[in-house]
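# Per-entry structural report
Spelled out, the chains give:
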Amino acid sequence: MNTTAIRIPEFVNYIGVFLTYKCNFNCPYCINNYNTPTAAKNMLSGAEFIEGLNRIESRDDLPVSIQGGEPSLHPDFYEIINNIKPSLRIDILTNLQFDVLEFINKIKPERLARSAPYSPIRVSFHPLKSNSAELISKTLILQNNGFKVGIYGLDLPEFNSQNTEMRNKCMANNIDFRYK
């Protein structure tokens, strides 16, 4: 067990931790096109992630973004989130295809509370794969249970009309919508 602290230099402005490259989408534009048996085989265990992440010493304004693929597909997703030391700020980048009621029962909103200009749960809106009504419904359930959630459209020219429609739906439901 290595307990040497990992100190994040001041010039670092983003920490992304890919729990898995597995994804329940198979988007042709994905920058993480590693949805392969090899990627799944080489995945760290929850205990290994917890040990490594708990070595990080970061600033309050620099959270660790838990992402992937789809991070909720890691078999120890909830264990990892709940066992990262509380002093380490975290947020989640997801496609929100998981069971939000299970999430609410296993994760406390305070675990993802932090001061930042964007929501600690960032949902990627994939027009080719996402159901906008389902995404909005799940987002509202999370928000009504104390979580801060934003939906992010993929800023690609071929998705302009879908993103505009989703942005309007989000605005009508008081959901933060941004582009990435």
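Everything that follows concerns the structure shown earlier in this document.
Below, the structure is looked at part by part. (Residues numbered from 1 in each chain as written. Predicted model: local features only at pLDDT ≥ 70, side-chain atom pairs only at ≥ 80, totals over all residues. Heavy atoms only, no water.)

### A short note on the pairing of strand 7 (residues 149–153)
Selection criterion: Each residue's exposure class comes from its accessible area (1.4 Å probe, protein chains only) as a fraction of the maximum for that residue type: buried when under 20%, exposed when over 50%, partly exposed otherwise. The way it works is that DSSP assigns letters per residue, a run of H or I at least four long becomes a helix, a run of E at least two long becomes a strand, and they are numbered from the N terminus. We treat two strands as partners when DSSP finds at least two bridges between them. Whether a crossover is right-handed comes down to one check: with the strands pointing away from the viewer, does the path from the first strand over the helix to the second run clockwise; if it does, it is right-handed.
Counting buried positions along strand 7 yields five of five residues, so the element is predominantly enclosed. Covered by surrounding structure in strand 7 are Val 149, Ile 151 and Gly 153 together with Gly 150 and Tyr 152, the residues of both alternating faces. Pairing between strand 6 (residues 121–125) and strand 7: five bridges, direction parallel. Looking at strand 7, one finds that Val 123 is bridged to Ile 151. Read from strand 6 through helix 5 (residues 132–144) to strand 7, the crossover connection turns out right-handed. Across four bridges, the pairing between strand 7 and strand 8 (residues 176–179) is parallel. For Ile 151, the partnering residue across the bridge sits in strand 8 and is Phe 177.

### Here's the deal with the pattern of salt bridges
Formally: The term salt bridge refers to a pairing of a side-chain nitrogen on Lys or Arg with a carboxyl oxygen on Asp or Glu at a separation within 4 Å.
For the structure on display, the rule yields nine salt bridges. As a salt-bridge pair, Asp 61 and Arg 59 come within 3.0 Å of each other at their nearest N and O atoms. Measuring nitrogen to oxygen at the nearest pair gives 2.9 Å for the salt bridge that ties Arg 178 to Asp 176. Where salt bridges share partners, they join Glu 10, Arg 59 and Asp 61 into one cluster.

Function-wise, these values are silent; they only describe arrangement.
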